[in-house]
Amino acid sequence: MNEKRKLCCPVLARGVRYRWDDLRQQHQLLFPEGMLILNDTAAAIVKLCDGRSLKNLEDELSQSFPHNPIQTDLLELLDRLAGRGLIDDANNAS
Amino acid sequence: MPTTPPRPFALLAELTYRCPLKCPYCSNPLQLARYKKELDAETWQRVLTEAAALGVVQVHFSGGEPLVRRDLATLVATARQLELYSNLSTGATLADGPRLDELKSAGLDSLQISLLDINARSNDWLAGTPSFEKKRLAVELARERDFPITLNVVLHRHNLDHLETIITLATDWKVDKLELAHVQYTGWAFRNRAALLPHRSQVEHAAKVVATAREELGGQLEILHVLPDYFQEFPKACMQGWGRVFLTVAPDGAVLPCQTAREITGLEFPNVQNESLNEIWFSDPVFQRFRGTDWLPEPCQSCDRREIDFGGCRCQAFLVTGDAAATDPVCKLSPRHELIETAMAQAGHEPTPLEYRVFGTAPETTSGGR
């Protein structure tokens, strides 16, 4: 469970959905029987988890946040979400 | 003094109390026959709309068996339009291919399928009806349709020793998640407590089995293990606090802070047919009754854990001590804790028959006859 996963093409796992909660002004990640509240950075990352390559995802992010390198945030977040089964690798998604 | 309560995140939509299974630990009320009238689809659609406006983001369609409602897919579609995340909790004996297709295109997000034990003999004995094969088939059909599946097994004296095999079965059936929830002793389960309460050694063994399996299986199968509160020192944060995160709408439209709350006599529950969910959540006296910590008795009031467990489960306090405003008696600090210890000491000493859930006969009238 603890080893770092190397994701090639992160994609939201089956049954996981991103949602903007207008009432609470909040980013949410919904999944069976649970949810996470995301900050802006995490939400930006999650929204790009559509099966594109990690490299492409990084490029896209550095364009959105040019003055705020979030490379470490990115890998850490992906690792945490993968550990909870919330993102898969599009290359070997079941 | 009155602060605005937080908005709820989850709605349990109990569409019906009807069910083909007769599980002796069902969380539905004992007097099922009293609540035969069910809300129609149109009213449920209004309830879903009001729930979304109130802040609900997840809806759990449940029952009874929600698949007995032919209009289920319509309600799922409404939930989807409202951007609600929808989950179906089902016994799955009615989940055939066409039904699952219909739910898939309506936008159902996830499925939670109950299983009672590891084989037909034991599962069907516990369910009071043949159902194992149908469940196995339903899991297969749901998987083919790419639903995320949680297999839910309620644990008690009669299946706890099968836990290794339960986990193997969940892996073989390729479900995403296995939820192992010990019986919560309210509703029918409270009635069958002497027959269902496990021995402490069974509970301890189970914890080891789960720990080993988690290590061996890694990410292959997520195992959620809800520990039995009778065997803990402190109560659980029931519903994460009364009227705080969850609300239940019962088949007849009654709105409950928790699905078993109607066991507490003396509370008059509001109904969606008379008021909006918004009014009920923010102003109804039942929702205010045990909200927050102001109402807490001692020793809870001066306890460091009061914001952690909010005094525990109100239904349990009522069923065991007769007082819904008492400290949950499972807490080792409760002045009535001996009631739990006595129940545990007495459980399983002599073989106790299971009393199956029935629809129609009020069990009070039959309990003396055994």
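Scroll up a little and you will see the structure.
Residues numbered from 1 in each chain as written. Chains lettered and ligands numbered in written order. Predicted model: local features only at pLDDT ≥ 70, side-chain atom pairs only at ≥ 80, totals over all residues. Heavy atoms only, no water.

Novice: Help me understand the overall build of chain A, please; the structure alone is not making it clear to me.
Specialist: A tally of helices and strands in chain A yields three helices and five strands. Reading chain A from its N end, one meets helices and strands in the order β-β-β-β-α-α-α-β. Here chain A, with 94 residues, has 45% of them falling under the buried criterion. Put simply, 58% of the contacts in chain A that link residues at least 6 apart link residues at least 24 apart. Just so you have it, chain A exposes about 5,400 Å², and 48% of that area is on carbon and sulfur atoms. (Helix = DSSP H or I, 4+ residues; strand = E, 2+ residues; numbered from the N terminus. Buried < 20%, exposed > 50% of the residue type's maximum accessible area, 1.4 Å probe, protein only. Contact = heavy atoms within 4.5 Å. Areas by Shrake-Rupley, 256 points an atom, 1.4 Å probe, with all protein chains shown as cover.)

Novice: What is the right way to read the environment of Arg84(A) from this model?
Specialist: One can find Arg84(A) in the loop between helix H3 (71-83) and strand S5 (87-89). Between the C-alpha atoms of Arg84(A) and Asn56(A), which are 28 residues apart in sequence, the distance is 23 Å. If we ignore the near neighbours within four places in the chain, the residues touching Arg84(A) are Phe31(A), Leu36(A) and Glu222(B).

Novice: So what exactly am I meant to see when it comes to the packing of helix H6 (residues 163-172) of chain B against helix H9 (residues 200-217) of chain B here?
Specialist: Two quantities define a packed helix pair, namely the angle between the helix axes and the distance between the axes. Residue and element names in this part refer to chain B. Closest axis-to-axis distance for the H6/H9 pair is 9 Å, and the angle between their directions is 30°. Here H9 runs roughly parallel to H6, going by the angle between their axes. At the point where H6 passes H9, the crossing takes the right-handed sense. Here Leu 163, Glu 164, Ile 167 and Thr 171 of H6 lie close against H9, whose contacting residues are His 205, Ala 206, Val 209, Val 210, Ala 213 and Leu 217. Residue composition of the contact of H6 with H9, grouped by class: seven nonpolar, two polar and one charged. (Axes fitted to C-alpha atoms, helices over the stretch in contact; angles between N-to-C directions. Parallel < 35°, antiparallel > 145°, perpendicular 65-115°, else oblique. Left-handed = near helix turned anticlockwise from the far one by under 90°. Nonpolar A, V, L, I, M, F, W, Y, C, P; charged D, E, K, R; others polar.)

Novice: So what exactly am I meant to see when it comes to unusual backbone geometry here?
Specialist: Phi is mostly negative for residues that are not glycine, and the peptide bonds are mostly trans. Cis rather than trans, the peptide bond between Gly63(B) and Gly64(B) has omega equal to 10°. For Gly64(B), the location among the structural elements is in the loop between strand S2 (58-62) and helix H2 (72-81). With an omega of 5°, the peptide bond running from Glu298(B) to Pro299(B) counts as cis. Relative to the helices and strands, Pro299(B) is located in the loop between helix H11 (285-289) and helix H12 (306-309). If you check the backbone angles, Gln25(A) has positive phi at about 50° while not being a glycine. Structurally, Gln25(A) can be placed in the loop between strand S2 (17-21) and strand S3 (26-31). Since its relative accessible area comes to 53%, Gln25(A) is described here as exposed. The backbone of Met239(B) shows a phi angle near 55°, a positive value even though the residue is not glycine. Inspection of the secondary structure assignment puts Met239(B) in the loop between strand S7 (222-226) and strand S8 (246-249). Taking relative accessible area as the criterion, Met239(B) reaches 23% and is therefore assigned partly exposed.

Novice: When you look at the sheet that holds strand S5 (residues 149-155) of chain B in this model, what are you seeing that I'm missing?
Specialist: In any sheet, the strands associate via hydrogen bonds between backbone groups, in a parallel or an antiparallel arrangement. All names here are of chain B. Across the sheet, nine strands lie side by side as S7-S6-S5-S4-S3-S2-S1-S8-S9; this open sheet has mixed pairing. For this open sheet the edge positions go to S7 and strand S9 (255-256), each flanked by a neighbour on one side alone. Where strand S3 (residues 85-90) meets strand S4 (residues 110-115), four bridges bridge the pair, whose relative direction is parallel. From the neighbouring strand, Asn 87 faces S4, where its bridge partner is Ser 110. Each of S4 and S5 touches helix H5 (residues 132-144); the most contacted strand, S4, lies at about 160° to it. (Pairing = 2+ DSSP bridges.)

Novice: Would you explain the packing of aromatic side chains in this entry?
Specialist: Working definition: an aromatic ring pair is given by the centre-to-centre distance plus the angle between the planes. All names here are of chain B. The tally for this structure, following the rule as stated, stands at six aromatic pairs over all chains. Centroid distance Tyr 17 to Tyr 35: 6.0 Å. Interplanar angle 65°. Geometry classified as edge-to-face. Of this pair, Tyr 17 sits in the loop between strand S1 (10-14) and helix H1 (41-54) while Tyr 35 sits in the loop between S1 and H1; the two residues are 18 residues apart in sequence, bridging distant segments of the chain. Take Tyr 17: its relative accessible area is 1%, and that puts it in the buried class. The buried category is assigned to Tyr 35, whose relative accessible area is 13%. Here the aromatic rings of Trp 242 and Phe 290 are separated by 5.0 Å at their centres, their planes lie at 90°, and the arrangement is edge-to-face. Remark: Phe 290 occurs in the loop between H11 and H12 and Trp 242 occurs in the loop between S7 and S8; sequence separation between them is 48 residues. Residue classification places Trp 242 among the buried positions, given a relative accessible area of 8%. Classification of Phe 290 as buried rests on a relative accessible area of 4%. Counting every residue linked through ring pairs, the aromatic cluster contains Trp 242, Phe 290 and Trp 295. Taking the ring centre of Tyr 35 as reference, the NZ or CZ of Arg 262 above it sits at 3.7 Å. Over the aromatic face of Phe 290 sits the side chain of Arg 314, whose NZ or CZ is 5.9 Å from the ring centroid. (Phe/Tyr/Trp six-rings, centres within 6.5 Å; stacked < 30°, edge-to-face > 60°. Lys NZ or Arg CZ within 6 Å of the ring centre and 35° of its normal.)

Novice: What exactly am I supposed to notice about the side chain of Gln26(A) here?
Specialist: Checked against the element boundaries, Gln26(A) lands in strand S3. Apart from the residues lying within four places of it in its own chain, the contact partners of Gln26(A) are Arg19(A), Trp20(A), Asp21(A), Met35(A), Ile37(A) and Phe9(B).

Novice: Quick question: what am I supposed to make of the sheet that holds S3(A) here?
Specialist: All names here are of chain A. One open sheet holds the three strands; their spatial order is S2-S3-S4, and the pairing between them is antiparallel. What marks the edges here is a single partner per strand, and that holds for S2 and strand S4 (34-38). The mean inter-strand angle of the sheet, taken between neighbouring strand axes irrespective of direction, is 30°. Sheet topology note: the S2/S3 ladder contains five bridges and is antiparallel. In the strand pairing of S3, Arg 19 is matched with Gln 28. Packed on one face of the sheet, helix H1 (residues 40-47) meets S2, S3 and S4 and runs near 115° to S4.

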